[in-house]
Amino acid sequence: MSAISLRQIEGRSMGYYMLLAAFGLFVLFGLGSALYMEHNGHIVTGMNNQVVWGMPHVFAVFLIVAASGALNVASIGSVFGKSMYKPLAPLSGLLAIALLGGGLTVLMLDLGRPDRVIVAMTYYNFKSVFAWNVFLYTGFFTIVAAYIWTMMERRMNAFTKPLGVAAFIWRLLLTTGTGSIFGFLVARQAYDSALLAPMFIIMSFAYGLAIYLLVLMVAFNETGRPLGDKVLLRLKKLLAVFISASLYFVAVFHMTNLYFAKKHGIESFILMNGGIYTQLFWIGQILLGGIVPLAILFHPALGKSRTWIAVSSVLVILGGLAQMYVTIIGGQAFPLELFPGMHESSSFFDGVIHGYKPSLPEIMLGIGGIAIAGVITTFAIKILNFLPASLEDKVMDAHHGAKQ
Amino acid sequence: MSDVNQSRREFLGKTAAATAGLAIAPGVMLIDMAHGRAPEDAASSSVRWGMLVDSNQCKPGCNDCVTGCNKENGLSGGTSETDSQWIRKVELKDLRSGITASLPMMCQHCAEPPCVDVCPTGASFKRADGIVLVDKHICIGCRYCVMACPYKARSFVHEELTDQNPDVPRGKGVVESCTMCVHRIDKGQNTACADACSAAGHNAIIFGDLNDPNSEIAKRVATYATKQVRADLGLNPGVRYQGI
Amino acid sequence: MTNLAKLRSLLNWKWGALIAALLAISAVSVASSEPESSSGRTPKPTIEAGKGEKCVEDTDYMRRNHMKLLMHQRDDTMHKGIRTKKYSLQNCIECHASKKNNSVLGSNENFCQSCHSYAAVKIDCFECHATKPKATVNAAGFFHPIIPPSSEGDVKVNDSHGLSFSMRQQMRGSVVDKNIAGASK
């Protein structure tokens, strides 16, 4: 049995309380924004009848996708048997729950009628991906909580593998459901593709791991716990693999679209003349979110530096937010094609690129979601044993063998 | 003497004619209203309501159908980015030939509506007689149907509303779209857009039962070439267009 | 410790008797208070009687079940297109709209708001539904066969049918319209 002990953090320093307070403050701002939006209606936001899903959805979908990816580290330990990852698993489960909680809260608070969440949980149309998602998301909380329990309760350790497999399959279903929200929409030229579901899965691997790495590094740094190179370099190599795979999916998606004459409109919009969307795609998603982190992580010197690994994780996260903006908002900005081959114009903004300007309440609500995830994580690592006491190289070697 | 008799006869004759007319008139009204259902009867799938738009009669700049709809349903008529528009005039221009057309676009009341498929609570639903509606009692305002509609038919209500038409409840935070004037057609009347267009003399929109071979709309659809917008999507809309 | 001993010494029979007396007094006052007593802090709702002689069901039944009736009716009307009048919300408003502001909301004297504000139960209906009755031609039960039931949507149609403005106002029977028309009754 592993003798790497998991230990609560002391959590009594000024820094800890300041962090918790800062997250708490942004949670309050987020809740305040939600109240403001609900009371006055969405007229106070930048969303309109052309772009109905705005910044809250960018943040929410990012958090939800990252949540399922954050569980990856635990899955590699439990499902694929790589024992080096096993002490990393509880934090992975915690982050998955925290990020999903943050994302879902934002999603539910952005509803036109958030007071009707009970209706969403009692009336179901099972043809809708959203309806499946209600079960997939709540089931995810339950399964991951049970999974964490089997890891922390010594007597339940024997069940870690089956529950780990269940959690792994469940999160693949969950992320497929999230990608299919867009993939099932035949109406919009930016969506309407089976590739969106697996693309979201592979992106979840990258975003989740980037967040995991950052949290791990910050938590160990601030609590003075040793984090050995073995663990860190293994995780960073994994991140590089996931980023490469994401870039591959994006490339295939766009190249296939470019092959269809009917998709030339949307492709030139995203890739060439979409203004902010084109900038966010190339500079945000591809360059900062993909190529630069890869260059850093594969660099012989930079790839071993902790600062630079943290920088590339941050860049991956920013690239992920940019990707969500391009997908969700860019996809809505491009007008619907009611009459192919015809130029359309109307009082309802047919035939023109739809305008959207993010507003402060939306952005605060989105950040509030991140803050909720932060509060949950920060609080949990204090009250329960999520963090390993030490991830030093010699500790890792002694208990997992040099070959791992 | 004969003058008095003559005028008496005329008087009796005219009275008889008037009485007969008054007796028949309600019958005529009733026949005309016969296609309205009794209040206690549920909508039936033997009927499929639809509309036929003859876009040849539509002129750019004519907004009679839009005005009629707005008035009937209590819409503001505003065209800012957040205003609800249940029907709009679309001006078309063929990119290659330059030929123009004009037509009204509203909810197409598809037989296979994507908006119904994606609604998580089932608020977006298709009634038995083919009308696609939003049950605003259970709509949570997620706007997924707005994303899913290929015709951009749905609008989200962005602010509080007051002084609604009692027949057309509308409120903040839920999604809405053309109801094919369900409150009127259940009483046997026409849709407001069709009425407004006819009243103005254009006669571009007719409403009726596509399943009834004797209805005006079914006869026209069987005689003239009509098209469904984005027929390639296979949604089988209940609104058809001539002249595109 | 000394604190505990002091506390124990306080718990003698005098305190027990005082507590028992207080409990008895409050029990008696609760039991004897009448539901309609006007000495409570919250003013009871003043329910303005609706038009007509009685409601579609009796008062006690309505008090307990009007929400169930409305919920069932809404599903029937919405999903099946059944528009029977008895339990329809519009029909409720026709009778229960206040004579003062022609609405069921607006002040604690209006029909729906009075009880709901007293019971602190939020009404969701009027986010979407109109609070005022519809002004119809056949409000007084008068149906002229030559004039079809008109709706707000008739554009550019002269439906005066040869009747003067004041005559049509009287037929509509709407208080507000009468005031505007200046027609005397």
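Since we're looking at a predicted model, the values are computed, not measured. (Residues numbered from 1 in each chain as written. Chains lettered and ligands numbered in written order. Predicted model: local features only at pLDDT ≥ 70, side-chain atom pairs only at ≥ 80, totals over all residues. Heavy atoms only, no water.)

**Q** It is not clear to me how the nonpolar core should be interpreted in this structure. Could you clarify?
**A** Nonpolar side chains in soluble globular proteins tend to be buried together. Formed by 186 residues in total, the largest nonpolar core has its most connected members in Leu235(A) and Tyr144(B). Considering every element that reaches this core, the biggest residue donor is helix α8 (residues 196-222) of chain A, with 19 residues. In terms of nonpolar packing, the next biggest core, distinct from the first, is built from 7 residues, Leu89(C), Ala97(C), Val104(C) and Cys112(C) among them. (Core = buried A, V, L, I, M, F, W, Y, C linked by side-chain atoms within 4.5 Å. Buried < 20%, exposed > 50% of the residue type's maximum accessible area, 1.4 Å probe, protein only. Helix = DSSP H or I, 4+ residues; strand = E, 2+ residues; numbered from the N terminus.)

**Q** Which parts of the structure should I look at to understand the environment of Leu239(A)?
**A** Residues and elements named next belong to chain A. Along the polypeptide, Leu 239 turns up in helix α9 (residues 229-259). The exposure class assigned to Leu 239 is buried, which follows from its relative accessible area of 0%. Distance in space between the C-alpha atoms of Leu 239 and Leu 209 is 6.4 Å, their sequence separation being 30 residues. In contact with Leu 239, other than residues within four places in its own chain, are Ala 206, Leu 209, Ala 210, Leu 213, Leu 297 and Ser 313. (Contact = heavy atoms within 4.5 Å.)

**Q** Can you walk me through the environment of Gly77(B) in this structure?
**A** Following the sequence through the fold, Gly77(B) ends up in the loop between α2 (64-73) and β2 (87-94). With 11 residues separating them in the primary sequence, Gly77(B) and Val66(B) have C-alpha atoms 8.2 Å apart.

**Q** What is the right way to read the interface of chain A and chain B from this model?
**A** Taken together, the 54 residues of chain A in the interface contact 54 residues of chain B. If you sort the residues of chain A by the area they bury against chain B, Asn49(A), Phe339(A) and Phe348(A) come out on top, with a joint share of 15%. Scanning the region where chain A abuts chain B turns up 3 salt bridges. In this structure, Arg88(B) and Asp350(A) form a salt bridge, with 2.7 Å as the shortest nitrogen-oxygen distance. Those elements that place two or more of their residues in the side of chain A that touches chain B are α1 (14-40), α5 (117-122), α6 (129-152), α7 (160-183) and β1 (342-346) of chain A. Per-element tally for the side of chain A that touches chain B: the top contributor is β1(A), with 5 residues. Here the residues of the side of chain A that touches chain B are counted per class, giving 25 nonpolar, 20 polar and 9 charged. (Buried area = accessible area lost by both parts, 1.4 Å probe. Salt bridge = Lys/Arg side-chain N within 4 Å of Asp/Glu carboxyl O. Nonpolar A, V, L, I, M, F, W, Y, C, P; charged D, E, K, R; others polar.)

**Q** What is the right way to look at the pairing of strand β8 (residues 205-209) of chain B in this model?
**A** Side-chain positions along a regular strand alternate between the two faces of the sheet. Residue and element names in this part refer to chain B. Summarising burial for β8: 5 of the 5 residues are buried, a large majority. The sheet contact formed by strand β1 (residues 49-54) and β8 spans 5 bridges and is antiparallel. Paired with Met 51 across the strands is Phe 207, a residue of β8. (Pairing = 2+ DSSP bridges.)

**Q** Looking at this model, I keep getting lost on the interface of chain C and chain B. Mind explaining?
**A** It is common to give the size of an interface as the accessible area that goes away when the parts come together. Every contact between the two is made by 28 residues of chain C and, on the other side, 42 residues of chain B. In this assembly, chain C packs against chain B so that about 2,900 Å² is buried in total across both faces, 54% of it on carbon and sulfur atoms. Of all residues in chain C, Met78(C), Arg83(C) and Cys128(C) bury the most surface against chain B, accounting for 22% of the area lost on that side. At the boundary of chain C with chain B, the tally comes to 2 salt bridges. In this structure, the salt-bridge partner of Asp167(B) is Lys134(C), at a minimum N-O distance of 2.5 Å. Counting across the chain C and chain B interface gives 11 residue pairs in polar contact (both at pLDDT 80 or more). Per-class residue counts for the side of chain C that touches chain B are 11 nonpolar, 7 polar and 10 charged. (Polar contact = N/O pair within 3.5 Å; in protein donor to acceptor, adjacent residues only side chain to side chain.)

**Q** Hey, could you run me through the sheet that holds β1(A) in this one?
**A** One open sheet holds the 3 strands; their spatial order is β1(A)-β2(B)-β3(B), and the pairing between them is antiparallel. Sheet topology places β1 of chain A together with β3 (100-106) of chain B at the edges, where each strand pairs with a single neighbour. Across this sheet, the average inter-strand angle for adjacent strands is 30°, counted without regard to direction. In terms of strand pairing, β2(B) meets β3(B) through 7 bridges, oriented antiparallel. Its bridge partner being in β3(B), Ile87(B) is matched across the sheet by Met106(B). (Axes fitted to C-alpha atoms, helices over the stretch in contact; angles between N-to-C directions.)

**Q** Is there a simple way to explain the packing of helix α2 (residues 55-70) of chain A against helix α12 (residues 306-333) of chain A in this structure?
**A** Angle between the axes and distance between the axes: these two values describe a pair of packed helices. Residues and elements named next belong to chain A. For the pair α2 and α12, the least separation of the axes is 9 Å and the interaxial angle reads 125°. By the criterion of interaxial angle, the relationship of α2 to α12 is oblique. When the axes of α2 and α12 are compared, the crossing they make is right-handed. Counted together, Met 55, His 57, Val 58, Phe 59, Val 61, Phe 62 and Val 65 of α2 and Ile 317, Gly 320, Leu 321, Met 324, Tyr 325, Ile 328 and Ile 329 of α12 form the full contact between these two elements. (Parallel < 35°, antiparallel > 145°, perpendicular 65-115°, else oblique. Left-handed = near helix turned anticlockwise from the far one by under 90°.)

**Q** Please explain the side chain of Asn110(C) as it appears in this structure.
**A** Structurally, Asn110(C) is set in the loop between α4 (89-96) and α5 (111-119). If near-sequence neighbours (up to four positions away) are discounted, Asn110(C) is found in contact with Ser98(C), Asn101(C), Ser103(C), Val104(C) and Leu105(C).

**Q** What is the right way to look at the sheet that holds strand β9 (residues 239-242) of chain B in this model?
**A** Strands belonging to one sheet form pairs held by backbone hydrogen bonds; the direction of such a pair is parallel or antiparallel. Residues and elements named next belong to chain B. With respect to topology, 3 strands assemble into an open sheet ordered β8-β1-β9, the strand pairing being mixed. Edge strands, defined here as strands with exactly one partner in the open sheet, are β8 and β9. When the angles between neighbouring strand axes are averaged without regard to direction, this sheet yields 20°.

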